[in-house]
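# Summary of structural features
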Amino acid sequence: MIRNQFYTCFLLIYFLFGLILYDVLSIQFIDEVLVLILVLYTIVYALETRKRIHKETICFFMVCIFYLLYSFSIGITSIKANLYDFQQQIKPYLAFYCTFYLSPTFTKKQISVMCRCIILLSVLVISIICLGLSTFFFGGPLAALATTALTLSLYYYYFSFSERAVIKKRSLLIMSLGLLSYKAKFFSEYFIAIYLFLWRKTKIKLLSLNFIGSLILCITLILFIIWDKFDFYFISGFQEDNGLARPLLYKTSFDILKDYFPFGSGLGTFCNEASKIFYSPLFYQYNLDSIWGLTPEEPDFVADCFYPTLTQFGVVGIFLFILFWRKRYLQIKKSLCKRTYLTGMMIMVILLLESIADTSYLSNRGVLFFILLAFVINNRVHIISKNL
C-alpha cells in the first residue's frame, strides 16, 4: 500500500475509532495500536527505500533510550511504571517523526474524500449533541468534544487546500461545536482561532508593537472569560488550607526539579497515568497522598495536567522540550503558504494551552495534532494530479 493510500485509511480510521468513538467503545489501547501500525509501516518503508533518517529523529531515539535507562537506574518507581509511561511519552512524537519521515502526498480524489468524511463526522457529532448523548460519547467534562471539534476543524481547513474566506468560516463553524463543551480553555483557543483566521492578515512578528498590543488585549479578554477557573486553580487554589490537587501538582513539580537535578525523577513518577496506575512513591515523599484526588484510593486527579509531568525529565528534559517547540515554531514561521502557517500556529496554541490543565498532549487526542503538525512542517502534502 503506497503512502497516500495508507494515510487516507489511517486518518479516517483514527478519526472514527481513536477520536469520536474512543470513549464510548472504551477501547483504551486503540491509539497505541494505531500508532504501532504507523511505526511498523514506517520501518517497512525505510527498509524498502533506504531513505536517510533525519538527524533529529536519531537524537530523539537516543534521548528516549537514555531516559528509559536512567529511570531504571534511579529506581524511584517500578519497571512496569517506567515502561508504561515510556510508551505514553513517546507516542505523540512517534506519530510526528514517522509522518515527517514518510512525507505523504495525496491525490485530488483522496483530498475530496478526506474533506467529505470530515464533514460527515462533524454531522455525526452534531447528531450526538442534538440527541443529548454528548456525555455518553465524550465523557463527563466534555473535554473530548472540544478537542474533537478542534481536530476536525483544522484537518478540514488544511485539506481544503484553499485560502478562500468561506473555507476559513466553514472551519470555524466546525470548531464552534466545541463551544458546547463549556471548557474555559476552548473559549480561549476559539477566540485565538477567530483572530488568526479572520482578523490577522500577516504573519505574527513577536517583537512588533502591533503584535504585543494585540497579545495584551487577547490575554486580557481571555482572562476575563476564564477568570473564575483561573482564580480557582492558580490563585485561591494555593491559599486553601489543604490545597487543591492541580495547584499542588504545579507547586510540587518545582521541588522535584530541585531535588532531582538535572535529569528529574524518571519515567512514571509524577503527574501521569503511570504514576496513577502504579501509584508513585513521590506522592508519599512530598505529602500529596492525603490530598483529595491524589490519594492512593482515589487518584482521579493525579494525571490532571501535562506540564508538571515534565519535571520527571528534569531541567535537561524541559530544555529539550522547549528546543523541540522552538524548532517547530521557526519551521512554521518559514512556511510560504498561509494555510500551513495558520494550521501550524493553531496546533501550537492548542497543544500548549491544553497542557495547562489537561493531558491531551499524551492522549489519543494529541496524536492527530502531531500528525497534522508533521504535514505542516514537511510542507509536502500537496495535490498531485494522478488519481487512485
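Just above, that's the structure.
Residues numbered from 1 in each chain as written. Predicted model: local features only at pLDDT ≥ 70, side-chain atom pairs only at ≥ 80, totals over all residues. Heavy atoms only, no water.

This part covers the overall build of the chain. Assigned secondary structure in the chain consists of 18 helices and two strands. Its C-alpha atoms give the chain a radius of gyration of 21 Å, near enough to 21 Å, the size a compact globule of 388 residues would have. The dimensions of the chain, computed from C-alpha atoms along their principal axes, are 60 × 50 × 45 Å. A burial count over the chain gives 55% of its 388 residues as buried. For the chain, long-range pairs separated by at least 24 residues make up 76% of all intrachain contacts whose partners lie at least 6 apart in sequence. Of the roughly 18200 Å² of accessible surface on the chain, 68% is carried by carbon and sulfur atoms. (Helix = DSSP H or I, 4+ residues; strand = E, 2+ residues; numbered from the N terminus. Rg over C-alpha atoms; globule rule 2.2 N^0.38 Å. Buried < 20%, exposed > 50% of the residue type's maximum accessible area, 1.4 Å probe, protein only. Contact = heavy atoms within 4.5 Å. Areas by Shrake-Rupley, 256 points an atom, 1.4 Å probe, with all protein chains shown as cover.)

It is worth spelling out the pattern of salt bridges at this point. Applying the stated criterion across every chain yields a total of six salt bridges. Among the salt bridges present, the one from Lys 91 reaches Glu 32, with a minimum N-O distance of 3.4 Å. Taken together, the positions of Lys 91 in helix α5 (residues 79-102) and Glu 32 in helix α3 (residues 30-49) put the pair 59 residues apart, joining distant regions of the chain. Classification of Lys 91 by relative accessible area gives buried; the value is 3%. Across the salt bridge formed by Arg 328 and Glu 56, the nearest N and O atoms sit 2.9 Å from each other. (Salt bridge = Lys/Arg side-chain N within 4 Å of Asp/Glu carboxyl O.)

Quick look at the nonpolar core now. Grouped together as the largest cluster of nonpolar side chains are 106 residues, with contacts concentrated most on Leu 11, Phe 15, Tyr 155, Phe 159 and Phe 375. With twelve residues, the top contributor of residues to this core is helix α8 (residues 143-159). Counting 18 residues, the second largest nonpolar core, distinct from the first, contains Ile 76, Ala 245, Tyr 286 and Val 302. (Core = buried A, V, L, I, M, F, W, Y, C linked by side-chain atoms within 4.5 Å.)

Structurally, Glu 273 can be placed in helix α14 (residues 273-277). On the basis of relative accessibility, which here comes to 32%, the residue Glu 273 falls in the partly exposed class. Sequence spacing of Glu 273 and Ile 126 is 147 residues, and the spatial spacing of their C-alpha atoms is 31 Å. Excluding anything up to four places from it in sequence, Glu 273 contacts Tyr 84 and Ala 303.

So, on to the packing of aromatic side chains. Evaluation of the coordinates by the stated rule reveals 52 aromatic pairs. Residues Phe 6 and Tyr 7 carry aromatic rings whose centres are separated by 5.6 Å and whose planes lie at 90° to one another, so their mutual orientation is edge-to-face. Taken as a pair, Phe 6 and Tyr 7 share a single burial class, namely buried. Relative to Tyr 14, the ring of Phe 10 lies with its centre 6.1 Å away and its plane at 45°, an arrangement referred to as tilted. Here Phe 10 and its partner Tyr 14 are both found in helix α1 (residues 3-20), four residues apart, which amounts to about one turn of the helix. (Phe/Tyr/Trp six-rings, centres within 6.5 Å; stacked < 30°, edge-to-face > 60°.)

Summarising the element assignment, Glu 354 is placed in helix α17 (residues 338-354). No salt bridge is formed by the buried Glu 354; the nearest opposite charge belongs to Lys 185, separated by 4.2 Å. (Lys, Arg positive; Asp, Glu negative; His and termini not counted.)

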